[in-house]
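Topology and contacts: notes
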Amino acid sequence: MKNASSNDSSKKNAGYKAAEYVKDGMVLGLGTGSTTHFFIEKVGMRIRDEGINVMGIPTSFQSLLIAKEWNIPITTLEEHDIDLSVDGADEVDADFNLIKGGGAAHTKEKIVDYAAKEFIVIVDEWDVLIRDMEANPRIQEEYIGFLRGMFKGTEPTNDQVVFDEIDTKKTP
């Protein structure tokens, strides 16, 4: 039986393993979520311990804060191309079909991941599904705050993800 302790351990192992693919001089897409948190943490440790030089493009305010905590220099898509993007999957089935973006950064994650030369999806044992995705699909919706005035009468429901406007601002 799975428990919270093994969940954290599995996520940490997956995130730390992905950080091994980071090379000096890379620009990284920094995904969002609990497993990606460990990836960002390990990249920060490598900067501190090995002196590698990398820059990150966070996909959320959460990822931005973690990157700053670990002294990872921040850049933007406008300024740099992405060498490697690393993000988690919310669900994966036995055929490796993925659902991405169940969290609060659905659109920005997809843009950053698509723009990367290479993309690693971090999956831990808790993300693996038994259900059939085709027979029981989970539809992802997102409400993007900065588009609020463009579509009259389309306010988000409790089932929709709200994309905080702070994610759309360029960081200093």
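**Examining the overall build of the protein chain**
Secondary structure assignment for the protein chain yields four helices and eight strands. From first element to last, N terminus to C terminus, the protein chain shows the α and β order α-β-α-β-α-β-β-β-α-β-β-β. A buried classification covers 43% of the 172 residues belonging to the protein chain. Counted over contacts in the protein chain with a minimum sequence separation of 6, partners at least 24 positions apart contribute 70%. As displayed, the protein chain offers around 10,000 Å² of accessible surface, 54% of which is attributable to carbon and sulfur atoms.

**A closer look at the confidence of the model for the protein chain**
For the protein chain, the average pLDDT comes to 76, and 64% of its residues sit at 70 or higher. Mean pLDDT across the secondary structure elements of the protein chain bottoms out at strand S8 (residues 161-163), with 39, and peaks at strand S1 (residues 27-30), with 98. The low-confidence segment residues 146-151, where pLDDT is below 50, has six contacts with residues more than four positions distant or belonging to other chains. Between residues 156-172, whose pLDDT stays under 50, and residues either more than four places distant or in other chains, the model counts 34 contacts.

**Some details on the side chain of Asp83**
Looking at where Asp83 falls in the secondary structure, it is placed in the loop between helix H3 (61-69) and strand S3 (84-88). Separated by 3.3 Å, the side chains of Asp83 and Lys117 make a polar contact. If sequence neighbours within four positions are ignored, Asp83 has contacts with Gly25, Met26, Val27, Lys117 and Glu118.

**Notes on H3**
Listed in full, the buried residues belonging to H3 are Ser63, Leu64, Ile66 and Ala67. Angularly, the buried residues of H3 cover 165° about the axis, an arc narrow enough to put them on a single face. At the N-terminal boundary of H3, the capping side chain belongs to Ser60, with an oxygen 3.4 Å from the backbone nitrogen of Gln62. Residue Asn71 follows H3 closely and has a positive phi angle near 60°.

**Details of the sheet that holds S1**
Sheet strands pair via backbone hydrogen bonds, and the direction of the pair is either parallel or antiparallel. Reading across the sheet, the four strands line up as S2-S1-S3-S6 and stay open at both edges, with parallel pairing between neighbours. Both outer strands of the open sheet, strand S2 (55-58) and strand S6 (118-122), are each paired with one neighbouring strand and no more. This sheet shows a mean twist of 20° between the axes of neighbouring strands, independent of strand direction. Sheet topology places S1 next to S2; four bridges connect them, and they run parallel. Within the sheet, the bridge partner assigned to Leu30 lies in S2 and is Pro58. Strands in contact with helix H4 (residues 106-115) are S1, S2, S3 and S6; relative to S3, the strand with the most contacts, it is inclined by about 145°.

**Section: the side chain of Ser60**
Relative to the helices and strands, Ser60 resides in the loop between S2 and H3. Separated by 3.0 Å, the side chain of Ser60 and the backbone nitrogen of Ser63 make a polar contact.

**Let's talk about the packing of aromatic side chains**
Counted under the stated rule, the structure contains one aromatic pair. Plain terms: the ring middles of Tyr16 and Phe38 are 6.5 Å apart, the flat faces sit at 70° to each other, and that makes the pair edge-to-face. With Tyr16 in helix H1 (residues 4-19) and Phe38 in helix H2 (residues 34-50), the pair connects residues that are 22 residues apart, well separated along the chain. Taken as a pair, Tyr16 and Phe38 share a single burial class, namely buried.

Conventions adopted
The residue count restarts for each chain, going from 1 along the sequence in the order it is written. Residue-level local features of this predicted model are given only where pLDDT is at least 70; pairs of side-chain atoms are given and counted only at 80 or more, and the full residue set underlies all totals for whole chains, interfaces and linings. Each side-chain value is worked out from all heavy atoms of the structure, with water and hydrogens disregarded. Helix and strand definitions here come from DSSP, where helices need a minimum of 4 consecutive H or I residues and strands a minimum of 2 consecutive E residues; each element is numbered from the N-terminal end. Per-residue accessibility, obtained with a 1.4 Å probe over protein chains only, is compared with the maximum for each type, and a residue is labelled buried under 20%, exposed over 50%, and partly exposed between these values. Residues count as neighbours in contact if any of their non-hydrogen atoms are within 4.5 Å of one another. All accessibility values rest on the Shrake-Rupley procedure with a 1.4 Å probe; residue burial counts only the protein chains present in the view. Per residue, pLDDT captures the predictor's confidence, and it can take any value from 0 to 100. Counted as a polar contact is a pair of N or O atoms within 3.5 Å, where, for protein atoms, one must be capable of donating a hydrogen and the other of accepting one, and residues adjacent in sequence contribute only when both atoms are in side chains. Comment: arc refers to directions from the helix axis out to C-beta atoms. Two strands are counted as paired when DSSP detects at least two bridges linking them. Fitting a line to C-alpha atoms yields each axis, with helices limited to the stretch in contact; the angle taken between N-to-C directions then spans 0 to 180 degrees. Between the rings of Phe, Tyr and Trp (Trp by its six-membered ring), a pair exists once the centres lie within 6.5 Å; its type follows the angle of the planes, with under 30 degrees stacked, over 60 edge-to-face, and the other angles tilted.

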